[in-house]
Amino acid sequence: MTFKRVFGIFLGVLTAFGGFVDMGDLVANAETGARFGMGLAWAVVVGVIGIVIYAEMAGRVASISGRPVFDVVRERLGARTALVNLGASFLINLLTLTAEIAGIAVIVELATGLDYLLWVPLAAVAVWLVIWKVKFSVIEKAFGITGLLIGVVVVALWKLGPDWGELTSGALSPSIASGESSLAYAFFAIALLGAAMTPYEVFFFSSGAVEEGWTPRDLNLNRANVYLGFPLGGLLSLAIMASTATVLKPRGISADSLGHVTLPVGLGLGKLAVAVLLVGMFAAIFSAAIETSMSAGYTVSQFFGWQWGKYVRPKEAALFHLVVIAAILLAVALAFTTIDPIKVTEYSIVMSAAALPLTYFPILVVANDPTYVGEKTNSRFLNALGFAYLILLVVVSLATIPVMIASRGGA
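Conventions and cut-offs
Residues numbered from 1 in each chain as written. Predicted model: local features only at pLDDT ≥ 70, side-chain atom pairs only at ≥ 80, totals over all residues. Heavy atoms only, no water. Helix = DSSP H or I, 4+ residues; strand = E, 2+ residues; numbered from the N terminus. Rg over C-alpha atoms; globule rule 2.2 N^0.38 Å. Buried < 20%, exposed > 50% of the residue type's maximum accessible area, 1.4 Å probe, protein only. Contact = heavy atoms within 4.5 Å. Areas by Shrake-Rupley, 256 points an atom, 1.4 Å probe, with all protein chains shown as cover. Lys, Arg positive; Asp, Glu negative; His and termini not counted. Charge placed at Lys NZ, Arg CZ, Asp CG, Glu CD. Phe/Tyr/Trp six-rings, centres within 6.5 Å; stacked < 30°, edge-to-face > 60°. Core = buried A, V, L, I, M, F, W, Y, C linked by side-chain atoms within 4.5 Å. Expected span 1.5 Å × (residues − 1).

Brief notes about the overall build of the protein
The helix and strand tally for the protein stands at 19 helices and zero strands. Radius of gyration (C-alpha) of the protein: 20 Å, near the 22 Å computed for a compact globule of 411 residues. Classification of the 411 residues of the protein by burial places 57% in the buried group. A separation of at least 24 residues holds for 84% of the contacts in the protein among residues at least 6 apart in sequence. Accessible surface, the protein: about 16300 Å² in total, of which carbon and sulfur atoms supply 69%. Seen as two clouds, the 24 positive and the 24 negative side-chain charges of the protein have centres 7 Å apart.

Observations concerning the packing of aromatic side chains
Inspection of the entire model under this criterion finds 16 aromatic pairs. Where tyrosine 54 meets tyrosine 360, the ring centres are 4.9 Å apart and the plane angle is 55 degrees; that geometry is what we call tilted. Highlighted residues: tyrosine 54 in helix α3 (residues 41–65) and tyrosine 360 in helix α17 (residues 356–366), separated in sequence by 306 residues. Given a relative accessible area of 0%, tyrosine 54 falls into the buried group. We classify tyrosine 360 as buried; its relative accessible area is 0%. Pairing phenylalanine 303 with phenylalanine 304 gives two aromatic rings, centres 5.0 Å apart and planes at 90 degrees, and the pair type is edge-to-face. Accessibility expressed as a relative area gives 7% for phenylalanine 303, which makes it buried.

Examining the nonpolar core
One finds Tyr54, Ile101, Ile150, Met197, Leu258, Ile290 and Tyr360 to be the most contacted residues of the largest nonpolar core, which totals 138 residues. Broken down by element, this core gets its largest block of residues, 16 residues, from helix α14 (residues 271–304).

Some points on the environment of leucine 330
The topology assignment puts leucine 330 in helix α15 (residues 318–335). Spatially, the C-alpha atom of leucine 330 lies 27 Å from that of glycine 410, the residues being 80 residues apart in sequence.

Concerning helix α10 (residues 182–196)
Since the α-helix turns once every 3.6 residues, residues separated by three or four places project in the same direction. Relative to the 21 Å expected for 15 residues at 1.5 Å per residue, α10 spans 21 Å between its end C-alpha atoms, a close match to the ideal helical length. With 12 of its 15 residues buried, α10 lies for the most part within the structure. Those residues of α10 not exposed but buried are Ala184, Tyr185, Phe187, Phe188, Ala189, Ile190, Ala191, Leu192, Leu193, Gly194, Ala195 and Ala196.

A look at unusual backbone geometry
Most peptide bonds take the trans form, and the phi angle of most residues other than glycine is negative. The phi angle at threonine 338 is positive, at roughly 65 degrees, despite the residue not being glycine. With respect to the helices and strands, the residue threonine 338 is situated in the loop between α15 and α16 (341–354).

Notes on helix α5 (residues 79–112)
Here α5 contains 34 residues, and its C-alpha end-to-end distance of 48 Å stays within 8% of the 50 Å for a straight helix at 1.5 Å per residue. Backbone geometry just after α5 places glycine 113 at a positive phi near 85 degrees.

These figures come from the coordinates and say nothing about function on their own.
Here it is in C-alpha cells:
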C-alpha cells in the first residue's frame, strides 16, 4: 500500500473521529452525564456499534456501485418506499439543521456575550458560502480534524482526577440515579441512540464517498473510517459524559446549555483550554451544519434524479444547491421562533430514533443485493447483527413517542 493511500486512510480516520461529535452528541452526552452519571454509557456503545454496522454497508454500496445509498434504495425498493424515507429523513434533517445553526450561534455567543439570535443569519450565510465555494475534500478534512480539539475534554477529565472506579462501576452496572424517573432514563437512552445513529450520517457518508470518487479499491478506507474513526468518536462522547458526571452531577447542575459543557474543562485546565474547546465545538457543529444542509440536497436530488453534489460545477447541479439554500432558510426561520436550541436538539435526536427503521432497513436490503455490491454482499454474521439491530430499532421506534409524552421530554 502506497504512502499516499496510508495517509488518506489516516486522514479519513481523523475526519470521522473529529466529525462524530455534533450538537446532538454534545447535548445528549453532557446532560445524561450531569443527571445520570455513567448510567447511560451503554446507550452510547449500542449507538456507535449500530452506526458502524450500517455506515460500513452504506460506504461499501457507494464504493462498489458508484452510487449513494438513497439513489440505490429508490431504484431497488421503489418510489413509494423511498418517498416515505425521504419525508421522514428530510423533516428530521431540518430539525437537526436548525439545532446545528443555532448551536454555531450559541458558541459565538459564549465567546462574545452577544445574544445568539444576532449570529443565526451570519452562521447560515457562512454555512452556505462554505458549501458553495470550498471543495468537498477540504470541507471534510478541515472541519473534521479541527473538531479533534474537543479532545481537550479528555485531558481535562484526566486532570480532574475523578474516581475512575466509580465511573467504571456506573458504566458497567447502570442504575437510575436518585431523584430521576425510569421514563426520563428511557427518554435519554433513546436520545443517545438517536444522536449516534442520526439518519443524515449514512446519507452524507455514502454521498461523500461518491463525491470523493471511491472505488472498490477504497473499501479499506471505508472500513478504517467506520471501524476506527466512529468508535474513537464514541469514546470522545463518553469522555464528555464522564466530565459532566464528575463535575456537574455532584453539584446538582443539569447541563441545559452548551456553556455547561465547558465547565469541567475550565475547572480542570483553565480559560485557555476553554477557548480551545470552543474552537473544537464550533468546528464540529459547523461541520454538522454543512453535512445536514448537503444531506437535504442529496436526498431530494437523488430521489428526483437531479444532478447533485460538489464534484460538478454549481450551475450543473442548480436544483441541488437550491434545495440546500431552502433547507438553510427554513432552519433559520425555525431558529428565529426563539425555541430553545437545546430542546430542538433533544427532540430532533429523539425523533430521529423514531425514524431509524425507515433509514436502515433499506440499507440492509441493498447491501445484500449483488446488483449493487457484486460479490461483496454481507456475511451471515453481519446480516445477523444488522437484523438484530433492526428489531431493536423497531422497538425503539414504537416506544419513542409514548416515552417522550409520558416523560414530558425527559423532564
